[in-house]
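# Chain and residue survey
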Amino acid sequence: MFHTPRTAAALLFARPEPQAGSNAAKLQALRNSQALRLRERKMIEKQERLTKRASHLQPAG
């Protein structure tokens, strides 16, 4: 099977499969919650940067 650049990138950045064992579900839930918090934090930081940029562009007066 040939891998196109798109499928190669998808394989590279794919989340790991849950491991076999008693803690696999806990580990997967932890990874999911960390990814969610990271996305939320990035959105908040972006909004803060945009707000700060907009306040600096406001004319004084």
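Only a predicted model underlies this, so the values are computations on that prediction, with no experimental measurement involved.

Calculation notes
Residues numbered from 1 in each chain as written. Predicted model: local features only at pLDDT ≥ 70, side-chain atom pairs only at ≥ 80, totals over all residues. Heavy atoms only, no water. Helix = DSSP H or I, 4+ residues; strand = E, 2+ residues; numbered from the N terminus. Buried < 20%, exposed > 50% of the residue type's maximum accessible area, 1.4 Å probe, protein only. Areas by Shrake-Rupley, 256 points an atom, 1.4 Å probe, with all protein chains shown as cover. Expected span 1.5 Å × (residues − 1). Salt bridge = Lys/Arg side-chain N within 4 Å of Asp/Glu carboxyl O. Contact = heavy atoms within 4.5 Å.

## Brief notes about the overall build of the chain
Looking only at helices and strands, one finds two helices and zero strands in the chain. For the chain, the proportion of its 61 residues judged to be buried stands at 5%. Of the roughly 6100 Å² that the chain leaves accessible, carbon and sulfur atoms contribute 61%.

## Let's talk about helix α2 (residues 24-57)
If you check α2, its first and last C-alpha atoms are 50 Å apart, about what 34 residues at 1.5 Å a residue would give, namely 50 Å. All of the buried residues along α2 are Ala24, Gln28 and Ala35.

## Digging into the pattern of salt bridges
All chains considered together, the criterion is met by one salt bridge. The partner of Arg41 in a salt bridge is Glu45, and the shortest N-O contact between them spans 3.9 Å. Note that Arg41 and Glu45 are positioned in helix α2 at a spacing of four residues, about one turn of the helix. Relative accessible area serves as the criterion here: at 48%, Arg41 is assigned to the partly exposed category.

## Focus on the environment of Glu17
Structurally, Glu17 is set in the loop between α1 (5-13) and α2. Residue Glu17 is classed as exposed on the basis of its relative accessible area of 65%. Look past the residues within four positions of Glu17 in its chain and what remains in contact with it is Gln28 and Arg31.

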